[in-house]
Each structure stands twice: as C-alpha cells, then as structure tokens.
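Next come the chains, spelled out residue by residue.
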Amino acid sequence: MPKPSVDRESESQPLLQRNRELSILNAIAEGLNRALDLDEALENTLELVAELLGLRTAWLWLLDEAGDTFYLAAARHLPPALANHPERMGGSCLCLDTFQEGDLTGAANVNVLTCSRLKNLIGGTEGLRYHASVPIYTHTKPLGVLNVASANWRSLEPDELHLLYTIGYQLGLAIERARLHAESTRLAASEERNRLAREIHDTLAQGLTAIALQLEAALALADRDVTRATARVQRALELTRENLEEARRSVLDLRAAPLQEHTLPEALRLLLHEQAREIGARPHFRLEGLAAGLPLRIETGLYRIAQEALSNVRKHARAHNVWLSLRREGDRVMLTVQDDGIGFDPEAERKPEGFGLQGMGERVHLLDGELHLSSSPGAGTRIEVVVPLA
C-alpha cells in the first residue's frame, strides 16, 4: 500500500534542506572567487550570509597578519549605536576573548553570545542583543571571528551551526589565499624594481664609460690630429644620444605597466608589433595551450625577458621577420623569440651588448627556468625560455 503523501513530504525535507545549504555554500564560494580583492570578497560574503540565512546584521573581525590585534574587516547593517560610534567597535569584547581563549574551535562551538558592546545600551540597538560567533581558521591558524545577528533571534539548529562553521572555513581559505597572493605580488614588484634598477644602472654605466673613452681619446689627439679628434667627439655625441634614448625607454617601461592593462598574451603581441614596426620587420605571433593566466611573478618575468630579447633584435639583428611564441605544456610554459637576422657566434662574442643576454639569464634563474640560445653568423638567432609553473 502506498505511503501517505505526508510521509513523502517529511522524507523530502532533509533533501530540500541539504540542497538549500549547498546552494548557499555555492553562492558564497562564487562570491569569494568573483571578487577582485579581499575587502570586496568579505563585503560580498557578509551580504550573502545575511540574505541567505535570513539575518540582518553581520560583521567580521580579523587578526592582523602578525596575529596580535583584531580589526573590523567588514560590516553590514550595524545598528546605529555601533555604526555611529566607531569607538565602541574598538578594543576587545566577549566574543573576541572567547575566540582567543580557544573556546571557538569547531562546529559545535559556534556560540550564541550576548553582545558585550550592546549589552548596556538603551537606544540605537534596533533590538539586537545576541549574535552567533563563528570562528575562522585556516588549518589550525586562527584568523578571526564572523558575527551574525537578527533582532528576532532564535536558537540555531545543529545543521545551521554546522553550515555557519563551513562558511567560516570558506572565509578562512579565501582570506589566506588573498594574503598569500598579496605577499606574492609585493615580492614580485620588489624583485622587478630591483631588477630594473640594476639594468638601468648597468646600461647607463656602460654608455657613460664608452662616452668617456671616446672623449679621452679625442683629448689625446687634439694637439696632433684634429680630424681624428673630431671623429672621436662625433662618436661620443652619437653614444650620448643613444644612451639618452635608452634611458627614455627604460623610464617608459617603468611607467607603462603593460600587464596592468592587458593579459600577458595581449601585452606580448603589442610589444612584438611595436618593436618589429621600428625596424621594418614582419611580426609573427603564436599562442598555444594558455587558456588561463599565470602567476604574476612568472608573467612579469616572461614579459621582461621578451622585452629584452626583442630589444636585442631591434638593436643588432637587422631582421626581416621576427617570431614570438608563448605556449604551455603541462606544468611548464615556454617563451620563444626568433629572428632571421645576421646572427652571431655566441662563443666568440663577448661585447657590451651581451649584457642583454646576461640580464635575461638572471631573470630566468629567478624563475627557476632554463634559457636556450642558438645562433650563428648569417642564420639568425633563437632564444627559448622554459619556466616551471610549480
């Protein structure tokens, strides 16, 4: 005999509740992944938590990266008694003390607490007196506390407590990921600034040394061979103009920040066409297997390597065609720059312009990669860089 419909409805309730929880978690995960920075991600998450759980107010405390001090990282619909009095959101409170004492460590300890910041206030609380405090950890590292509240507070069911804990875990992962990304970005920027400073210094030092040598020779020849002395001065003037142009290019490279405005493939294509246009060569660009972006440190390094390689082509190759390819194979990425110019003997040539190869080699080393150079007189030059993504 078929079961009564009421039984079927009661059996479907857990499934509906589970689907609702999954939809909430998915919405929050999408919000965290879609945000461009940590502040935006936290604001979006508070909005979703309050909306999807039927709560009005939420705020988030985070420990600073030293792990010493709490700060208010995000808030939604704080009551006027707190929103209009920032000083009341300073210092410690019951939930933060409980968290630091280690009493908020798991789903069973998502506690409903009397808010000590609102406890003794009469007006401006909008009926808020209690909140749930959700611990935020990444692995065993404490990160902060998420507080959620509603004027018509009710006891939370075990499933709801576990859902809040899972949301806190999602937040912890997102916060740690954002901090690691920010640290990686800072290190990459610092590394790049140091690299550019060294290159500008070395390039200008070489140029000034060459100018000084020409002027010293001109001075020595001035009394006995005016024609040769004049030629030396003329050469010094040419070197001065070349180095001035090089200095301008270096400053432009610093200002342009191409990877802030374009993806790596777009920036490389623009760079290739610009350099090829200057020498009247035909550009050829190829992209393979790169559906997503690369870590910032790797993208910056590859762009600067390509920049140096194409600069060498522009200065020395006398090429009719220039090829640039970027491709990904598994856990590594390959950048290749090739030309059909005059080429050179890598073993025989140890001239000042070799500094470009030295700079590329140093960049590749910083990326734990490999640089392969092949060239011969009259047969062009090919530079391939292989960088691991791990």
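Our structure's up above, just so we're on the same page.
Let me begin by describing the structure that accompanies this report. One numbering rule holds for all chains: residues counted from 1, following each sequence as written. Where totals are concerned, whole chains, interfaces and linings use all residues; where local detail is concerned, this predicted model gives features only for residues with pLDDT of at least 70, and gives and counts side-chain atom pairs only at 80 or more. Side-chain calculation: all heavy atoms of the structure are included, whereas hydrogens and water are not.

Focus: the pattern of salt bridges
Working step 1: What makes a salt bridge here is a side-chain nitrogen of Lys or Arg within 4 Å of a carboxyl oxygen of Asp or Glu, nothing more. Taken as a whole and assessed by the stated rule, the structure comprises nine salt bridges.
Working step 2: Ionic pairing is found between arginine 235 and glutamate 242, a salt bridge with its closest N-O pair at 3.8 Å.
Working step 3: Judged by relative accessible area, arginine 235 falls into the partly exposed class, the value being 33%.
Working step 4: Through salt bridges with shared partners, one network takes in Arg327, Glu329, Arg332, Arg382 and Glu384. Relative accessible area decides the class of each residue, using a 1.4 Å probe on protein chains only: under 20% of the type maximum gives buried, over 50% gives exposed, and in between gives partly exposed.

Topic: the environment of aspartate 331
Working step 1: Here aspartate 331 is to be found in the loop between strand 7 (321-329) and strand 8 (332-339).
Working step 2: Take aspartate 331: its relative accessible area is 53%, and that puts it in the exposed class.
Working step 3: In this structure aspartate 331 touches Val387, Pro388, Leu389 and Ala390, once residues within four positions along its chain are discounted. Each helix corresponds to a stretch of at least 4 residues labelled H or I by DSSP, and each strand to a stretch of at least 2 residues labelled E; elements are numbered beginning at the N terminus. What makes two residues a contact is simply this: any of their non-hydrogen atoms within 4.5 Å.

Examining the nonpolar core
Working step 1: Only buried Ala, Val, Leu, Ile, Met, Phe, Trp, Tyr and Cys residues count toward a nonpolar core, and they belong to the same one when joined by side-chain atoms within 4.5 Å. Of all hydrophobic cores here, the largest spans 33 residues; its most connected members are Leu268, Leu302, Leu324 and Leu335.
Working step 2: Going through the elements one at a time, helix 8 (264-279), helix 9 (296-317), strand 7, strand 8, helix 10 (355-366) and strand 10 (381-388) are the ones with two or more residues in this core.
Working step 3: If one sorts the elements of this core by residue count, helix 9 sits on top with nine residues.
Working step 4: Filtering out sequence-adjacent residues up to four positions away, leucine 335 remains in contact with Leu268, Leu302, Ile305, Ala306, Leu324, Ser325, Leu326, Ile383, Glu384 and Val385.
Working step 5: Leu48, Val49, Leu55 and Val134 belong to the second largest nonpolar core, which has 28 residues in total.

Quick word on unusual backbone geometry
Working step 1: The backbone of histidine 77 sits at a positive phi, close to 55 degrees, despite the residue not being glycine.
Working step 2: Considering the arrangement of structural elements, one finds histidine 77 in the loop between strand 2 (70-76) and helix 3 (80-83).
Working step 3: For arginine 318, which is not glycine, the phi dihedral falls at a positive 55 degrees.
Working step 4: Within the fold, arginine 318 resides in the loop between helix 9 and strand 7.

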